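As a plain string of letters, each chain reads:
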Amino acid sequence: MVKIRRAKISDIDSLYELINIYSKKGIVLPRTKKSLSQNIFSIFVAIVDNEVVGTASLAILDTDLAEVRSLVVDESKMKLGIGKMLVEKIKEETDRIGIEKLISLTYQVDFFKKCGFEVTVKDKMPQKVWQDCINCPKLHNCDEIAMIYYVKNKVCI
Ligand SMILES: CC(C)(COP(=O)(O)OP(=O)(O)OC[C@H]1O[C@@H](n2cnc3c(N)ncnc32)[C@H](O)[C@@H]1OP(=O)(O)O)[C@@H](O)C(=O)NCCC(=O)NCCS
């Protein structure tokens, strides 16, 4: 059974290892243990048999804009619906906070389409989207696709 919950400090070593498997391949941005602990409240984890098998973070960029970051699922647990569950949790949290737009900069276009996102024009993204790209080796030749999900903002509790 898969459980999605907020990350705890005790998850940080596993999160660091999992994210950095993919950051070494240039698929997601690297995260330090410090950045993970400082942002622990915005990180969600997927747990199977008491092990961290996936994670996703919610980065708030502006009053109307948030981003899905550091979305990864352990290779042995892919295609079981865990990535989609993590994105659903991020969508739910974005809705709860009251933010209208959720974006992803990604190579996984078909996956995000299945999660309700649509491709959008990267050049129309506000400057704030690029503030963390300064640390990315692909800064000047970024080939990620910008995708957007319009949050329904139905949850008002
Ligand atoms: C992208 C990723 C998070 C998807 O996680 P996952 O748990 O395998 O995805 P799910 O099982 O929830 O898939 C949901 C749907 O998307 C589809 N899907 C998943 N990965 C896909 C892919 N690479 N290409 C096309 N469709 C894909 C699934 O078949 C499923 O479709 P269905 O609802 O019709 O059955 C995972 O492959 C991953 O960690 N990749 C490496 C890191 C990465 O690219 N992260 C994204 C950075 S933005």
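Residues numbered from 1 in each chain as written. Predicted model: local features only at pLDDT ≥ 70, side-chain atom pairs only at ≥ 80, totals over all residues. Heavy atoms only, no water.

Peer 1: Which residues make up the nonpolar core, and what values go with them?
Peer 2: In globular proteins that are soluble, nonpolar side chains generally tend to be buried together. In terms of nonpolar packing, the biggest core is built from 23 residues, with Leu-71, Ile-82, Leu-86, Ile-90, Leu-102 and Phe-117 touching the most fellow members. Looking at this core, the elements that each hand over two or more residues are strand E2 (43-48), strand E3 (51-62), strand E4 (65-73), helix H3 (82-97), helix H4 (109-114) and strand E7 (145-150). If sequence neighbours within four positions are ignored, Leu-71 has contacts with Val-28, Thr-55, Ala-56, Gly-83, Leu-86, Val-87, Phe-111 and Phe-112. Ranked by size, the runner-up nonpolar core spans 14 residues in total, among them Leu-18, Leu-36, Val-45 and Val-52. (Core = buried A, V, L, I, M, F, W, Y, C linked by side-chain atoms within 4.5 Å. Buried < 20%, exposed > 50% of the residue type's maximum accessible area, 1.4 Å probe, protein only. Helix = DSSP H or I, 4+ residues; strand = E, 2+ residues; numbered from the N terminus. Contact = heavy atoms within 4.5 Å.)

Peer 1: So what about helix H1 (residues 12-23)? Which residues, and what values?
Peer 2: Relative to the 16 Å expected for 12 residues at 1.5 Å per residue, H1 spans 16 Å between its end C-alpha atoms, a close match to the ideal helical length. When we look at burial in H1, the residues that qualify are Ile-12, Leu-15, Leu-18, Ile-19, Asn-20, Tyr-22 and Ser-23. In this structure, the buried side of H1 is in contact with helix H2 (33-38), E2, E3 and E4. (Expected span 1.5 Å × (residues − 1).)

Peer 1: Could you give an account of the pattern of salt bridges, naming the residues involved and the relevant values?
Peer 2: Summed over all chains, the structure comprises 8 salt bridges. Among the salt bridges present, the one from Lys-33 reaches Asp-13, with a minimum N-O distance of 3.1 Å. In this pair, Lys-33 sits in helix H2 while Asp-13 sits in helix H1, placing the two residues 20 residues apart along the sequence. Here Lys-33 falls in the partly exposed class, since its relative accessible area comes to 39%. A relative accessible area of 46% means that Asp-13 is categorised as partly exposed. Its salt-bridge partner being Arg-96, residue Glu-93 comes within 3.0 Å of it at the nearest N-O pair. In this pair, Glu-93 and Arg-96 are both assigned in helix H3, 3 residues apart and thus about one turn of the helix distant. Residues participating in the shared-partner salt-bridge network are Arg-6, Glu-93 and Arg-96. (Salt bridge = Lys/Arg side-chain N within 4 Å of Asp/Glu carboxyl O.)

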